[in-house]
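If you want the building blocks of each chain, they are given just below.
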Amino acid sequence: MNTLYANHSEIYEMMYKTFINYDEEYKYYSNKLKKYNAESVIELGCGTGSLASRFMANRFKYTGVDLNKTMLAIAERKNQGVEFIEADMRNFHLREKKQACIIAGRTISYLMTYKDVIDSFMSIHTNLQEGGIICFDNIDARKFIPIIKNGKQI
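Below, the structure is looked at part by part. (Residues numbered from 1 in each chain as written. Predicted model: local features only at pLDDT ≥ 70, side-chain atom pairs only at ≥ 80, totals over all residues. Heavy atoms only, no water.)

Re the overall build of the protein
Of the regular secondary structure elements, the protein holds seven helices and five strands. Written out in order from the N terminus, the α and β elements of the protein read α-α-α-β-α-β-α-β-β-α-β-α. The buried share of the protein, taken over its 154 residues, is 42%. Taking the contacts inside the protein whose residues are at least 6 apart along the sequence as the reference set, 65% of them involve residues at least 24 apart. Total accessible area on the protein stands at roughly 9,700 Å², and carbon and sulfur atoms take up 53% of it. (Helix = DSSP H or I, 4+ residues; strand = E, 2+ residues; numbered from the N terminus. Buried < 20%, exposed > 50% of the residue type's maximum accessible area, 1.4 Å probe, protein only. Contact = heavy atoms within 4.5 Å. Areas by Shrake-Rupley, 256 points an atom, 1.4 Å probe, with all protein chains shown as cover.)

Here it is as structure tokens:
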């Protein structure tokens, strides 16, 4: 999977457009942020910046963070003037704290150890304002790995 991100970012960009409805994803996250009056947001694992333009068009103060510089190059090309930072979600630092953090695109599933999860959430905590919110999605593996639908473990 790392090769897809590092060497084939353009393919990733085209592929994800075919099955992710970014308008619906933006709508979901923006409704959550509006519910808690959050106007500034950091997106961890922003990839090629497909949500960035939607947040910016709706006057959110947006910052995208991703570990992969080739993905960020596409994000910057698509979203000129938007702040993108090359950093690891397990240890990142913003110039100013945000009111909200989103981890979209099933990015949280790339955290492989408890330490990765703890480090990420500690880093998020450090970069959020007091009372800040965090929203993330996850994968129900039962939808994608048929063998576990009937309770079988792998």
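What to know about a nonpolar patch on the surface
Taken together, Tyr114, Ile118 and Met122 make up a surface patch of nonpolar side chains, about 410 Å² in accessible area. For methionine 122, the position within the fold is in helix 6 (residues 114-127). (Patch = residues over 30% accessible without salt bridge, like charges linked within 9 Å, V, L, I, M, F, W, Y side chains within 5 Å. Salt bridge = Lys/Arg side-chain N within 4 Å of Asp/Glu carboxyl O.)

Description of the pattern of salt bridges
The tally for this structure, following the rule as stated, stands at five salt bridges. A salt bridge links arginine 90 to aspartate 88, with the shortest nitrogen-to-oxygen separation between them at 2.5 Å. For arginine 90, the salt bridge is made with aspartate 116, and the minimal N-O distance between the two is 3.2 Å. Here arginine 90 is found in the loop between strand 3 (83-86) and strand 4 (98-103), whereas its partner aspartate 116 is found in helix 6, with 26 residues between them in sequence.

Quick word on the nonpolar core
Judged by nonpolar contacts, the single largest core of 21 residues is most densely connected at Leu33, Val41, Leu51, Phe55, Tyr62, Phe84 and Ile102. Listing elements by their share of this core, those giving two or more residues are helix 3 (22-35), helix 4 (52-57), helix 5 (69-78), strand 4 and strand 5 (128-136). By residue number, the principal contributor to this core is helix 3, which donates four residues. The residues touching isoleucine 102, leaving out its near neighbours within four places in the chain, are Tyr29, Leu33, Val41, Ile42, Glu43, Leu44, Leu51, Phe55 and Cys135. Ile42, Ala87, Leu94 and Leu128 belong to the second largest nonpolar core, which has 13 residues in total. (Core = buried A, V, L, I, M, F, W, Y, C linked by side-chain atoms within 4.5 Å.)

Observations regarding the state of the cysteines
Across all of its chains, the model carries zero disulfides by this definition. The structure places no disulfide on cysteine 101, whose sulfur is separated from the nearest cysteine sulfur, that of cysteine 135, by 8.6 Å. On the basis of relative accessible area, cysteine 135 is assigned to the buried category, the value being 13%. (Disulfide = S-S within 2.5 Å.)

Details of the pairing of strand 5
Alignment of strand 4 against strand 5, held across five bridges, turns out to be parallel. If you follow alanine 100 over to strand 5, its bridge partner there is isoleucine 133. Considered for its hand, the β-α-β crossover made up of strand 4, helix 6 and strand 5 is right-handed. (Pairing = 2+ DSSP bridges. Right-handed = clockwise from strand over helix to strand, strands pointing away.)

Looking at helix 6
Look at helix 6: 20 Å from first C-alpha to last across 14 residues, which is about the 20 Å you get at 1.5 Å a residue. Asp116, Ser120, Ser123, Ile124 and Asn127 are the residues of helix 6 that are buried. One side of helix 6 carries all its buried residues, which in axial view fall inside an arc of 100 degrees. Exposed side chains of helix 6 directed beyond 90 degrees from the buried face belong to Tyr114, Lys115, Ile118, Met122 and His125. Buried residues along helix 6 sit in contact with strand 1 (40-44), strand 4 and strand 5. (Expected span 1.5 Å × (residues − 1). Arc of directions from axis to C-beta.)

Read these as geometric descriptors, not functional statements.
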